[in-house]
Amino acid sequence: MPALACCVDPAVTPPGYALAWDGSLLASAAVPVSLISGAPPLPSAVDGGSHWSPSHSSSLYNVDGWGAPYFVVNSSGNISVRPHGRATMSHQEIDLLKIVKKVSDPKSSGGLGLQLPLIVRLPDVLKNRLESLQSAFEYAIQTQGYKAHYQGVYPVKCNQDRFVVEDIVRFGSSFRFGLEAGSKPELLLAMSCLCKGNPEALLVCNGFKDAEYISLAMLSRKMALNTVIVLEQEEELDLVIDISKKLSVRPVVGVRAKLRTKHSGHFGSTSGEKGKFGLNTFQILRVVKKLQEAGMLDCFQLLHFHIGSQIPSTSLLTDGVSEAAQIYCELVRLGANMQVIDIGGGLGIDYDGSKSAESDISVAYSLEEYSTAVVQSIRYVCDRRNVKHPVLCSESGRAIVSHHSVLIFEAVSVSLPAVPAMSQQCLQYLVEALTEDARADYGNLTAAAMRGEFEICLFYADQLKQRCVEQFKDGSLGIEQLAAVDGLCELVSKEIGSSDPVRTYHVNLSLFTSIPDFWGIGQLFPIVPIHRLEERPGVRGILSDLTCDSDGKIDKFIGGDSSLPLHELEGEGGGGGRGRYLLGMFLGGAYEEALGGVHNLFGGPSVVRVSQSDGPHSFAVTRATPGPSCGDVLRVMQHEPELMFETLKHRAEEYCGSGNGSGVDTDDDDHGMATNNNHSHNMNNNSALASILARSFHNMPYLVVPSSCSLTANGGGGFYYCNEDEYNAVVDSNSVSEDEQWSYCCA
């Protein structure tokens, strides 16, 4: 224990103890940190060599497992996007670090001047996901000899962003891809988007419904949209029958069935007989009877069910689909005009790349295996019952949108345990104030250290610390001595290798706003540095966000680790500086944006839309929207930023901008000039104060670190870097000047 031995003087040893610290003994018996603390060992180069390459990082973070076929580690050590999946050519790959540079560099340097955190949307990936899902079902239909087609719907609850939904309708128009809505606002946006879609695309209306919801759905059928009202409760049928007569609309009706098949994982809580939604067999029979009595049995055309999200295996999928197919055939037998079987959601995402059926964050099948299991199960049941094959529909929202966006954020500092230099005077001062019991602990600590008994050393260090804490609480020990014993114990832990090796990286992010599923349900997402992957990560860390909340941290990662291999912050040796270190959270395109709140009034990230291009960097930013400003998030909570600004501006003028404060009279001849000068000074000062206040309302709530620029566009207003059709045309017409940023609310 060399560092400790050099700062201990035998003169301060309590009576009866011999102190002979031999650092060489402890140095030769050093215990690996990972064996004492339980932390996973730091990665080492393959085959014991010292060389580290991007391929080693790819393996360490399992990028090829969870990222394929869209994310890879490139030869520069950065994460790249393969926007067209497996069909992506090498020159089409998009380097995420180059996107961040383009977005965050100041406008004067050719950038967009946006602030992190940042969501990067990748419409090419979204298109590829849609096409891959469609192709998988088409292949299964062809190989299984299925006699009907597949046409899916996207549940807009997964991500209601306008451009995401519009992209899905546009990309899926050629194969009749539709939308699913679960509320009145979602129905309105689905109706609007599908006006530009394929007329055969389904608009599936799920969720609890009132008369207004059902009237909207009826109106959409009058507007020639292919709308289906799915009954979640038996009582909804009475409204459907009554409103259809009043509006003279012949509705298309479906039911959501409660299956016996139950998904046992976290996401299966809505499945089974006790599920939140749907009708049991007795209720379904009453629906058939009531529609028959109303002369509307021909309107009954769709059967819907949902086993639960993240179905882990095709065996469970086959079991549920087969049960639903039997119900479908029974409805045909009872005279319903059945056309479609909607298998709901459940197509899972392999978040950790383990391809395991035993995990809530993985699945043990591919798109092709999933679609084959569905087609095969329904064909088998229908053929046995001699029933015409139904149109197949799925609501695979998570599988469609998860991959298309990346959340990028920055580590701004890192916390390390402070180990102070321990001088002889410091230890002498400490020992003199100790009680007899505490002195005995100190002596036992030194003796154990001399013998190389590490566990005993730790025991007495901890006991000494506890006794000193008790002394401090009763007022017999000063804060300087308490700090000294803290330093001594930390030094002991460090020297024998038992101190916690895990560092806390402070990230410019709100966990509650941007990754709410981690906090709410323990959902894990891949989190990886997006650069410096040609370097071996030298430390392990957890991530702590900006919120004033103890839950605002990420300390669980894919693979089961409680910490993440990370690199030292540049220029600081890991010592708490503000180096530029960028991390990405992947596969979060579903639900996270919709669920995020405004904890601590942190709003959402900036958002850019990036398309693959044949330009020099393989990409073009086709839309860029600053994140919500402080004023925007204040409005969400019913505050009025304009009035708040006025109050603060007048207060600043009253207390900060009046008079020269000297209290010295001026000569009469100079009085007029001095008054004018003071007035001019006060006006300039008031203007500067107003500008500072206004900027605070207009800027994002997140930290402005030296490597990022202040926001120069009106928060939430958005602006285009380039036209959607002409990638190289820069449009600055929507940018806002500095004066305009705050003048709107000046008196």
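Residues numbered from 1 in each chain as written. Predicted model: local features only at pLDDT ≥ 70, side-chain atom pairs only at ≥ 80, totals over all residues. Heavy atoms only, no water.

Provide a residue-level description of the UniProt feature "active site" (unreviewed entry) in the chain, including the pertinent values.
Taking the numbering used here, the UniProt-annotated feature "active site" (unreviewed entry) corresponds to C548. Relative to the elements of secondary structure, C548 occurs in the loop between strand 16 (539–544) and strand 17 (553–554). (UniProt positions renumbered as here; feature names shortened; annotations may be inferred. Helix = DSSP H or I, 4+ residues; strand = E, 2+ residues; numbered from the N terminus.)

How would you sum up the side chain of Q134? Please name residues and give values.
Position of Q134 relative to the elements: it lies in helix 7 (residues 123–144). Those residues within four positions of Q134 in sequence are excluded, and the remaining contacts are Y150, F175 and F177. (Contact = heavy atoms within 4.5 Å.)

Run through the sheet that holds strand 12 (residues 391–393), naming residues and quoting values.
In a beta sheet, neighbouring strands are held together by backbone hydrogen bonds and run either parallel or antiparallel to one another. Strand order in the open sheet formed by eight strands is 5-6-7-8-9-10-11-12, with parallel pairing between adjacent strands. Edge strands, defined here as strands with exactly one partner in the open sheet, are strand 5 (153–155) and strand 12. On average, adjacent strands in this sheet sit at an angle of 25° to one another, irrespective of strand direction. Here strand 8 (residues 226–231) runs beside strand 9 (residues 253–256); their pairing, made up of three bridges, is parallel. Across the sheet, L231 pairs through a bridge with V255, a residue of strand 9. Helix 11 (residues 236–247) contacts strand 8 and strand 9 of the sheet and is inclined by roughly 145° relative to strand 8. (Pairing = 2+ DSSP bridges. Axes fitted to C-alpha atoms, helices over the stretch in contact; angles between N-to-C directions.)

Go over helix 14 (residues 367–385) with me, naming the residues and quoting the values.
Helix length check: helix 14, at 19 residues, gives a terminal C-alpha distance of 28 Å against a target of 27 Å (1.5 Å per residue), a fit within 8%. Residues L367, Y370, S371, A373, V374, V375, S377, I378, V381 and C382 constitute the buried set of helix 14. Looking one or two places after helix 14, you find N386, whose phi comes out positive at around 55°. (Expected span 1.5 Å × (residues − 1). Buried < 20%, exposed > 50% of the residue type's maximum accessible area, 1.4 Å probe, protein only.)

Before we move on, could you go through the pattern of salt bridges and cite the residues and values that matter?
Counted according to the given criterion, the structure contains 32 salt bridges. When the shortest N-O distance is used, the salt bridge between R635 and E642 registers 2.9 Å. A salt bridge links E653 to K649, with the shortest nitrogen-to-oxygen separation between them at 3.6 Å. Taken together, the residues E653 and K649, both in helix 24 (residues 641–656) and four residues apart, mark about one turn of the helix. (Salt bridge = Lys/Arg side-chain N within 4 Å of Asp/Glu carboxyl O.)

Describe the sheet that holds strand 1 (residues 71–73), and please don't skip the residues or the numbers.
The sheet built from three strands is open, its strands ordered 1-2-3 with antiparallel pairing. The two strands at the open ends of the sheet, each matched to only one other strand, are strand 1 and strand 3 (94–95). Pairing between strand 2 (residues 79–81) and strand 3: two bridges, direction antiparallel. Directly across from S80, in strand 3, lies its bridge partner D95.

I'd love a proper account of the pairing of strand 8, names of residues and values included.
Of all six residues making up strand 8, five are buried, and the element is well covered by its neighbours. Bridge analysis of strand 7 (residues 202–205) against strand 8 gives four bridges, and the strand direction is parallel. Paired with L203 across the bridge in strand 8 is T227. Crossover strand 7 to strand 8 through helix 10 (residues 211–222) is right-handed. (Right-handed = clockwise from strand over helix to strand, strands pointing away.)

Lay out the packing of aromatic side chains with the relevant residues and their values.
In total, this model carries 13 aromatic pairs according to the counting rule given. Ring geometry for Y351 and F525: centres 5.5 Å apart, planes at 90°, overall edge-to-face. Of the two residues, Y351 sits in the loop between strand 11 (340–342) and helix 14 while F525 sits in the loop between helix 21 (516–521) and strand 15 (527–529), which places them 174 residues apart along the sequence. Under the relative-accessibility criterion, F525 is labelled buried at 6%. (Phe/Tyr/Trp six-rings, centres within 6.5 Å; stacked < 30°, edge-to-face > 60°.)

Talk me through unusual backbone geometry; I want residue IDs and the actual numbers.
Geometrically, the link from A68 to P69 is a cis peptide bond, its omega value of 0° lying close to zero. Mapped onto the fold, P69 is located in the loop between helix 5 (63–66) and strand 1. Cis geometry is adopted by the peptide bond preceding P117, which originates at L116 and carries an omega value of 5°. Its place among the elements puts P117 in the loop between helix 6 (96–104) and strand 4 (118–121). The residue A224 is not glycine, and still its phi comes out positive at about 70°.

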